[in-house]
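Each chain, letter by letter, is given below.
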Amino acid sequence: MSEKVRYTDEPIEAGDPRAVAVVAAIQGGDVERLTQLLRDDAGLATARIVDAGGTSRTLLHVAADWPGHFPRGRETVAALVAAGADVDARVIQGNPALAPETALHWAASSDDVAVVDALLDGGADIEAPGAIFTDGAPMSDAVVFAQWKAARRLLERGAQTTIWQAAALGLLERVKECCAESPQPSEQITNSFWHACRGGQRETAEYLLGLGADVNWVGHDRKTPLAVARESGVEGLVEWLRGRGAV
């Protein structure tokens, strides 16, 4: 058995052999090799890998990184958590203006349900703030990037939703609840309508249009509700929008 060594807790440069070895093990699904590396180096589980741009990520971020779905992702995360990795640690961006996301945010952005589950099983905060664009919870990233499997798994695991997130997922009763709780500004109604169209949620879109949503709003990515409805592949929604004057 290898003698366990305590290396420095300082960040590891991405080109360092230690970083190269552990990233290869994580993203290659070599859990046995990863486990051995963690046993041999007492500080590795909590180490950060720093790239040329100054971004510092944890090994859990490496496991959840885009495009995700690395082999044996669930086992990899479990091994890292068992070795002491912090499931709620945040990425430290080279540009401090960028989002301080957790690994769960990244897994949600990659639609990686296995890693989402593993992180939550390891105690990750499902409502941790820090999402890109909104500074919200991982659900925000899942919906913003149309990662519907991850969004629904987060919902199953107890995640909360804002009105626009609920609209995207077709949670009509939740949308109505939001409207009942407090008056929603017109721009929020329209934004939620846009997300409902993007999610292919006709019933929810109908409700929001009835509240005054702008059917031809040029929204995120300079796309209209009709454009994102086409992308959803729900032809009935597309035809309904056209019938309401959408262009």
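Residues numbered from 1 in each chain as written. Predicted model: local features only at pLDDT ≥ 70, side-chain atom pairs only at ≥ 80, totals over all residues. Heavy atoms only, no water.

**Student:** Would you mind going over the sheet that holds strand 3 (residues 56-58) with me for this structure?
**Tutor:** Strand pairing in a sheet takes place through backbone hydrogen bonds and is either antiparallel or parallel in direction. As summarised here, the arrangement of the 3 strands in space is 1-2-3, forming an open sheet in which the pairing is mixed. For this open sheet the edge positions go to strand 1 (12-13) and strand 3, each flanked by a neighbour on one side alone. Bridging between strand 2 (residues 48-50) and strand 3 involves 3 bridges; their strand directions are antiparallel. Looking across to strand 3, one finds that Arg48 is bridged to Thr58. (Pairing = 2+ DSSP bridges. Helix = DSSP H or I, 4+ residues; strand = E, 2+ residues; numbered from the N terminus.)

**Student:** Please explain the environment of Asp125 as it appears in this structure.
**Tutor:** When you line up the elements, Asp125 lands in the loop between helix 6 (113-121) and helix 7 (138-144). Separated by 38 residues in sequence, Asp125 and Val87 have C-alpha atoms that sit 8.0 Å apart. Here Asp125 is in contact with Asp88 and Leu104, once residues within four sequence places are set aside. In terms of polar contacts, Asp125 uses its side chain to reach the backbone amide nitrogen of Glu127, at 2.9 Å. (Contact = heavy atoms within 4.5 Å. Polar contact = N/O pair within 3.5 Å; in protein donor to acceptor, adjacent residues only side chain to side chain.)

**Student:** In this structure, what is going on with the layout of surface pockets? I would like to understand it.
**Tutor:** Left-over empty space is what a probe sized like a water molecule reveals as it rolls over the atoms. Volume-wise, the largest pocket comes out at about 210 Å³. In this structure, the largest pocket is lined by Phe133, Thr134, Val144, Trp164, Asn191, Trp194, His195, Arg198, His220 and Asp221. Among the elements that make up the lining of the largest pocket, the one with the highest residue count is helix 11 (residues 186-198) (4 residues). Residues of the lining of the largest pocket, tallied by class, amount to 4 nonpolar, 4 polar and 2 charged. In this structure, the second largest pocket is lined by Ala64, Asp65, Trp66, Glu101, Trp106, Ser109, Ser110, Ile132 and Phe145. Here the residues of the lining of the second largest pocket are counted per class, giving 5 nonpolar, 2 polar and 2 charged. (1 Å grid on protein atoms, 1.4 Å probe; cavity = no way out; pocket = protein on both sides within 12 Å on 5 of 7 lines; lining within 4 Å. Points joined across faces, edges and corners; volume = space filled by probe spheres on them. Nonpolar A, V, L, I, M, F, W, Y, C, P; charged D, E, K, R; others polar.)

**Student:** How should the packing of aromatic side chains be read in this particular structure?
**Tutor:** One pair of aromatic rings is described through two measures. These are the centre distance and the angle between the planes. Tallied over the full model, the rule gives 2 aromatic pairs. Where Phe133 meets Phe145, the ring centres are 6.3 Å apart and the plane angle is 45°; that geometry is what we call tilted. Taken as a pair, Phe133 in the loop between helix 6 and helix 7 and Phe145 in the loop between helix 7 and helix 8 (148-156) lie far apart in primary sequence, 12 residues in all. Look at Trp194 and Trp217: their rings are 6.5 Å apart centre to centre, the planes differ by 80°, and that puts the pair in the edge-to-face class. Pair noted here: Trp194 is in helix 11 and Trp217 is in the loop between helix 12 (202-210) and helix 13 (225-232), with a separation of 23 residues, a long-range link. Looking at Trp194, the relative accessible area reads 2%, which means it is buried. (Phe/Tyr/Trp six-rings, centres within 6.5 Å; stacked < 30°, edge-to-face > 60°. Buried < 20%, exposed > 50% of the residue type's maximum accessible area, 1.4 Å probe, protein only.)

Nothing here speaks to function; it is geometry throughout.
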